[in-house]
Amino acid sequence: MFQQLRLDILKRLEKYDYIIVEEPKRADSDLAIPLFNVSKKEQIPINEVSKEITSLLEDHPLISKLEFDRGFLNIYFNRELFSKEVLSNIKDEKYGTLNSNGKVVCIDYSSPNIAKSFSVGHLRSTVIGASLYKVYEKLGYKVIGINHLGDWGTQFGKMIVAYDLWGSEEELKKNPIDYLQSLYVKFHEEENELLEEKARETFKALEDGDKRVLALWEYFKEESLKEFMKMYEILNVKFDSYHGEAFYNDKMADVVKILTEKELTEIDDGALIVRLNDDLPPALIKRSDGATLYITRDLAALLYRYNTYHFDKVLYVVGNEQKLHFNQLKKVSDLMGYNFDITHVNFGLVLIDGKKMSTREGKVVKLYDVISEAVNLALKAITEKNPNLKDKEEAARKIGVSAVIFNDLKNDRKLDIDFNLEEMLSFEGLTGPYLQYSSVRIYSMLKDETIKEGLVDPTLFKDDLYYKLVILLSQFSNTLERVILENGPHILSRYLLNLAATFNQFYGAHKVIVEDEKVKNTNLILIKAVRVVLNEGMRLLGMAHLDEM
Ligand code: ARG
């Protein structure tokens, strides 16, 4: 709604198509227009400009006052009318300018590697991607969520070599993923060139379709998927496609063909490469033994996605450490003449006690364990705070899982995040439980009251705290637009924290349930709108809301 009014104003000022309508830095107005540049451009004295613009805006029903001050024209909304409009829109779940543009966006997220356990590291891609999925969808995009499973590559050569050397079938069947992971760690501890060579041969055998090796790989994949699906169920995350790297095995020849036809390839020391200049090292397309690589599969995937979904843009939610890979991917596809809109939605590491985790050294924290612990801690907190709550386990699950998700999404994704369970489960501070608790607090006031829709005391919105809540509510849709501009769910997270904090401030300053019917009803309408937006915002982040906790 806020944004709508801003656009409305811009529309009225169309003839100054360069004009800026911004949120004021100095005044207590709602919007401000800097007039210096207009005056300069139009060659009219600033006072005249101010008069002219005022005359274009002053009869707008939602504007109550226009005031020229130190180079700016300050715009004051009609608080009563504006508030009424905002609240009634939220009631009808019309949050503002959610334009349904029908564009297609492919989001590649989660994409764990099979035969390894799902680590806290993969959590980031999963929750950032899942949240972007929901926000894009909300804004009218057609979204395709793709789990580009890491189910192909030399690591399977290594794993199979390790299994052949040190493994036992009995152990494998007992606990496949942990066991494979420990074999993988052992392989790397050996640091043996001969083993590496053997691993390359074994991967080649896999690519050539060797039956025994293939059967092992299939078993690894099946077991891994079982574990991944458990995680996705806990996190309530879904995908439209699980085509992993192996899916592209028969689609890479085409890529190589196009690259060769366009004369982009070279043979370098027996390997097929594409030279990229631009400070980027060459992209290695095929090794000298004919084995294909990660980027070759990604190129095949990119073309497949374009031909299948006709995307307008494609996002890769993958850690900072793969920056070079995605720069190369983009560059190669540009050289091929596609000019796709590709964004590497990169993110930082998860640190535990300030230290990085790595699969190879076996220092992996399993997400499953972490979430179980978060849920246990939540259960402990509920048992202390609200021992009579029905279905404590269910509530603890919602609080624990959401706390882990919010801990990730509240930070600018590019930064490293710290992982501290105690902190993320606190009911105060910048946490998931804080948001949930604010919503629950509202519910506890609403549940025994009936709202009478027409009964409003509009003069209440002259109060700064009432109005501050309204303004925040009116900025919800605009906040979502900003999320996708930066592909940054943290923008929504911070907005929700701000909304919750403002609500709690309001709650501290005003009694909600009062004698006066009109005032009470206005309060109820306002806080209900806050709950609607809080809950919808949490849903877009992948969190759950509760009625009680
Ligand atoms: N499997 C990779 C990893 O865990 C991530 C894949 C990301 N997606 C892609 N299309 N390359 O590092």
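Residues numbered from 1 in each chain as written. Predicted model: local features only at pLDDT ≥ 70, side-chain atom pairs only at ≥ 80, totals over all residues. Heavy atoms only, no water.

Colleague: Any details on the overall build of the protein chain? Residues and values, ideally.
Modeller: Broken down by element type, the protein chain carries 21 helices and 13 strands. Oriented by its inertia axes, the alpha-carbon framework of the protein chain measures out at about 80 × 70 × 35 Å. At a minimum sequence separation of 6, the contacts of the protein chain that also span at least 24 residues come to 73%. In the form shown here, the protein chain has an accessible surface area of approximately 25,400 Å², with 48% of it arising from carbon and sulfur atoms. (Helix = DSSP H or I, 4+ residues; strand = E, 2+ residues; numbered from the N terminus. Contact = heavy atoms within 4.5 Å. Areas by Shrake-Rupley, 256 points an atom, 1.4 Å probe, with all protein chains shown as cover.)

Colleague: Explain the pairing of strand β1 (residues 31–34) to me, and be specific about the residues and the numbers.
Modeller: Going residue by residue along β1, you find Leu 31 and Ile 33 tucked away on one face and Ala 32 and Pro 34 tucked away on the opposite face as well. Both β1 and strand β3 (residues 72–77) contribute to a ladder of four bridges, which runs antiparallel. Residue pairing for β3: Leu 31 is matched across the bridge by Ile 75. (Buried < 20%, exposed > 50% of the residue type's maximum accessible area, 1.4 Å probe, protein only. Pairing = 2+ DSSP bridges.)

Colleague: Report on empty space enclosed by the protein, specifying residues and quantitative values.
Modeller: Vacant regions in the atomic arrangement are exposed by a probe of water-molecule size rolled over the atoms. Under the criterion given, the structure shown has three cavities of 30 Å³ or more. The computed volume of the largest cavity comes to approximately 40 Å³. When grouped by side-chain class, the residues that make up the lining of the largest cavity number six nonpolar, three polar and one charged. (1 Å grid on protein atoms, 1.4 Å probe; cavity = no way out; pocket = protein on both sides within 12 Å on 5 of 7 lines; lining within 4 Å. Points joined across faces, edges and corners; volume = space filled by probe spheres on them. Nonpolar A, V, L, I, M, F, W, Y, C, P; charged D, E, K, R; others polar.)

Colleague: Account for the sheet that holds strand β5 (residues 142–146), with residues named and values stated.
Modeller: The parallel open sheet is built from four strands, whose spatial order is β5-β4-β9-β10. Each end of this open sheet is capped by a strand with a single partner; those strands are β5 and β10 (342–347). Neighbour to neighbour, the strand axes of the sheet diverge by 20° on average, direction disregarded. Here four bridges tie strand β4 (residues 104–108) to strand β9 (residues 313–319), and the two strands are oriented parallel to one another. When the sheet's bridge partners are listed, Val 105 is paired in β9 with Lys 313. With respect to the sheet, helix α12 (residues 294–309) is in contact with β4, β5, β9 and β10, its orientation differing from that of β9 by roughly 145°. (Axes fitted to C-alpha atoms, helices over the stretch in contact; angles between N-to-C directions.)

Colleague: An account of unusual backbone geometry is needed here, citing residue identities and associated values.
Modeller: What you tend to see is this: most non-glycine residues have negative phi, and most peptide bonds are trans. At Ala 115, a position not held by glycine, the phi torsion is positive, near 65°. With respect to the helices, strands and loops of the structure, Ala 115 is situated in the loop between β4 and α5 (120–138). Phi is positive for His 310, which is not a glycine, with a value near 50°.

Colleague: Account for the side chain of Ser 439, with residues named and values stated.
Modeller: One can find Ser 439 in helix α17 (residues 432–446). The residues touching Ser 439, leaving out its near neighbours within four places in the chain, are Arg 531, Leu 534, Asn 535, Met 538 and Leu 546.

Colleague: How would you summarise the side chain of His 344 if you had to cite specific residues and measurements?
Modeller: Among the structural elements, His 344 can be located in strand β10. Overall, His 344 belongs to the buried group, its relative accessible area being 17%. Within the structure, His 344 has its side chain in polar contact with the backbone oxygen of Val 318 (distance 2.8 Å). Separated by 3.3 Å, the side chain of His 344 and the backbone oxygen of Gly 319 make a polar contact. Setting aside anything within four residues of it in sequence, one finds His 344 in contact with Tyr 316, Val 318, Gly 319, Gln 322, Lys 323 and Phe 326. (Polar contact = N/O pair within 3.5 Å; in protein donor to acceptor, adjacent residues only side chain to side chain.)

These results come straight from atomic positions and should not be treated as a statement about function.
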